[in-house]
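Residues per chain are reported as follows:
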Amino acid sequence: MAIKPSFGRRAFLVCNLIFLAFISFLCLMPIIHILAISFSSGSAAAAGKVALWPVEFTTAAYDNVFGKPEYLRAFGVSIQRVVAGTALSMLLTIITAYPLSKDRNTFRLRTVYAWIFVFTILFNGGLIPTYLTIKSLGLIDSLGALVLPTAVNVFNVILLLNFYRNLPKELEEASRIDGAGHFATLWKIYVPLSLPALATTGLFTMVGHWNSWFDGMLYMNHPENYPLQTFLQTVIIKMDFRFIKSENVELMLQLSDRTSRAAQIFVAAFPILIVYPFLQRFFIKGIVMGSVKE
């Protein structure tokens, strides 16, 4: 028998719905405002006339972003970086977190290795030694310079190993009885059961690679090897006119610093906005379960 909610309960649900809708609108307002600016004329944006709707609608900012092969090449470099970097990082995170999730009776040096990884969070070699290492390995102007230095994220390793430790030990014991080794146990039991944590760490890795621009500026000597964020920072933020040809002068007159920045922000955020809804159902569960240590 269904119990009819009281008047107080209904009033609370209505107020809660209104409050959450208002908070959601506040969260969406900056994105809508940025999108409106990016589709507005430079003069309207500079005069502060744009709120939540484009004024003097124009696609000049996006024509500037996508109208040149340099931008498309930079976009392709970022796609390659995200795909290769995420795949490599997730592989290394999985095979690193699995042995570190064992107790000291199973893996006697587990604590020693765990502290070695934690040490890298507290201290690092610094910018100049890192650059010299990348240069000595011959990775300058290559995709490896963008992928390898951040291939093992210790925060993701800790998140995933704590998730592994929360899984029932009986599952591993049953697989060992059936003759499965560590690799079979890892890929057939642990990995399928850890989808929430993998989705969470994968999202962190993708966002980190997609938003990163400084390493591209540091390790790439030629602009054709820049990832998207580095290229946009060079052309739009620093206004490097080496990439602006004479036939684009009329287009540049329709732009302003605000419209260019708005288009840059939206282009940079759009791929993540597309991916996030598919990973959202795993996100909270992965964070909560992976952050609790037994």
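Attention here is on the structure that accompanies the text. Because the structure is a prediction, the values reported are computed rather than measured. (Residues numbered from 1 in each chain as written. Predicted model: local features only at pLDDT ≥ 70, side-chain atom pairs only at ≥ 80, totals over all residues. Heavy atoms only, no water.)

With a phi angle near 55°, Glu56 is a residue other than glycine that sits in the positive phi range. Its identity is not glycine, yet Asp141 carries a phi of approximately 65°, on the positive side. Relative to the helices and strands, Asp141 is located in the loop between helix H6 (127-136) and helix H7 (144-147). (Helix = DSSP H or I, 4+ residues; strand = E, 2+ residues; numbered from the N terminus.)

What follows covers the packing of aromatic side chains. Within this structure, the stated rule accounts for eleven aromatic pairs. With a centroid separation of 4.9 Å and an interplanar angle of 35°, the aromatic rings of Phe119 and Phe123 are classed as tilted. Taken together through their ring pairs, the aromatic side chains of Phe39, Phe57 and Tyr62 make up a single cluster. (Phe/Tyr/Trp six-rings, centres within 6.5 Å; stacked < 30°, edge-to-face > 60°.)

With 32 residues, the main nonpolar core has Ile134, Ala145, Trp210 and Leu228 as its most contacted residues. Every element with two or more residues in this core is listed here: helix H1 (7-38), helix H2 (42-46), helix H3 (60-66), helix H4 (69-100), H7, helix H11 (195-211), helix H13 (228-237) and helix H15 (257-290). Among all residues touching Leu228, those that are not within four sequence positions of it are Tyr71, Ala74, Phe75, Ser78, Trp210 and Val267. (Core = buried A, V, L, I, M, F, W, Y, C linked by side-chain atoms within 4.5 Å. Buried < 20%, exposed > 50% of the residue type's maximum accessible area, 1.4 Å probe, protein only. Contact = heavy atoms within 4.5 Å.)

Further remarks concern the environment of Gly76. In this fold, Gly76 is placed in helix H4. Spatially, the C-alpha atom of Gly76 lies 9.8 Å from that of Tyr226, the residues being 150 residues apart in sequence.

What follows covers the pattern of salt bridges. Inspection of every chain in the model, using the stated rule, returns two salt bridges. As a salt-bridge pair, Arg81 and Asp215 come within 2.4 Å of each other at their nearest N and O atoms. On the criterion of sequence distance, the pair formed by Arg81 in helix H4 and Asp215 in helix H12 (residues 214-219) is long-range, its members being 134 residues apart. You can call Arg81 buried: its relative accessible area is 2%. Overall, Asp215 belongs to the buried group, its relative accessible area being 13%. Where Lys102 meets Glu172, a salt bridge forms, and the shortest distance between an N and an O atom there is 2.7 Å. Placement of the pair is Lys102 in the loop between H4 and helix H5 (110-122) and Glu172 in helix H9 (residues 169-177), with a sequence separation of 70 residues. What makes Lys102 buried here is its relative accessible area of 8%. Accessibility expressed as a relative area gives 13% for Glu172, which makes it buried. (Salt bridge = Lys/Arg side-chain N within 4 Å of Asp/Glu carboxyl O.)

Geometric descriptors of this kind do not, in isolation, establish any biological role.
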